[in-house]
Amino acid sequence: MVITSTQKLTFEEYLNYQGESGVCYELYRGNLIEMPTPTAIHIKICEFLVYQFRRFFAAHNLPIVAIVTTAVRTEENSSRIPDVVICTQSLWEQVCAQPGSAVLEFEEKPLLVIEVTSQNWRDDYIRKRAEYDLIDIPEYWIVDPNQPKIRVCSRPENEGSYSHQEFLPGQQVQSVQFAEFILSVNEVLCPPLVEDLIREEQAQLQQLEQQNVQLEQQNVQLEQQVNAERQRAERLAQRLREMGIEMDTEL
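Residues numbered from 1 in each chain as written. Predicted model: local features only at pLDDT ≥ 70, side-chain atom pairs only at ≥ 80, totals over all residues. Heavy atoms only, no water.

(A) Quick look at the overall build of the chain. A count of helical and extended segments in the chain gives six helices and 13 strands. The principal-axis extents of the C-alpha atoms in the chain amount to approximately 110 × 45 × 40 Å. Counting all 251 residues of the chain, 37% fall into the buried class. Surface accessibility of the chain: about 15,400 Å² in total, with carbon and sulfur atoms responsible for 50%. Averaging the positions of the 21 positive and the 39 negative side-chain charges in the chain gives two centres separated by 3 Å. (Helix = DSSP H or I, 4+ residues; strand = E, 2+ residues; numbered from the N terminus. Buried < 20%, exposed > 50% of the residue type's maximum accessible area, 1.4 Å probe, protein only. Areas by Shrake-Rupley, 256 points an atom, 1.4 Å probe, with all protein chains shown as cover. Lys, Arg positive; Asp, Glu negative; His and termini not counted. Charge placed at Lys NZ, Arg CZ, Asp CG, Glu CD.)

(B) Molecular detail of the pairing of strand S8 (residues 112-116). Along S8, five of the five residues are buried, which leaves the element largely enclosed by surrounding structure. Every second residue of S8 is oriented toward a common face, with Leu112, Ile114 and Val116 on one face and Val113 and Glu115 on the other, all of them buried. Pairing analysis gives three bridges linking strand S6 (residues 84-88) to S8, with the strands arranged antiparallel. Residue pairing in the sheet places Ile86 in a bridge with Leu112 of S8. The pairing of S8 with strand S9 (residues 139-144) spans five bridges and is classified as parallel. Residue pairing across strands places Val113 opposite Tyr140, the latter belonging to S9. One crossover worth recording links S8 to the parallel S9 by way of helix H4 (residues 121-134), and it is right-handed. (Pairing = 2+ DSSP bridges. Right-handed = clockwise from strand over helix to strand, strands pointing away.)

(C) Structural view of the side chain of Ser175. Topologically, Ser175 is positioned in the loop between strand S12 (172-174) and strand S13 (182-184). Look at Ser175 and you get buried, because its relative accessible area is 2%. Of note is the side chain of Ser175, whose polar atom sits 3.1 Å from the side chain of Glu139. If sequence neighbours within four positions are ignored, Ser175 has contacts with Leu112, Glu139, Trp141 and Phe181. (Polar contact = N/O pair within 3.5 Å; in protein donor to acceptor, adjacent residues only side chain to side chain. Contact = heavy atoms within 4.5 Å.)

In structure tokens:
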């Protein structure tokens, strides 16, 4: 944890703080902390997780959103900026309607937060875990590409603090709250580009559309064949009637 100023700030002062352009700051007990510039793999992991969560929520018709760079107030004069925040859509719309910085207050509790470790990894495992636990965030992921592993912290029923489970390469990580949300640890720690995933989805959709078109064409051809057979049968029956032969339609 690198403190950027010796001057203590209140939470309200932090909300109005104008620091260096392009730099994000967290607040820890009045101390302003400059967040390190994320690495490329850090950015890829965050984008991949947000993309997968959004797809999951949309597929299951859940009014939940996955967002980035949103602060969460954890103590009187502390505010953290998790890499990924999962919250209800109604809560996010409420935050968006408020003036000023996008910060979740004490009563605006997210469902899940994710930290991807960087130089200040000890904060993720110790300080931030304690802060997120203190304000009763139900689930906290620590994605650590250096160890490598994913730690999922949650509070078991009737337990007063976080316990955790670790997922290693070769395994699948599963959300505690969203049991059907399962990802490969290998893919999370070394994710593909989201743009490639979108292109793959588009290609699959185009393939399905082509298959649907082919099925429709086959259905049209089959219907034409059925109509042609019906017309042939009607012509044959008409000729037989003209010859004085009545067809027995009884089976």
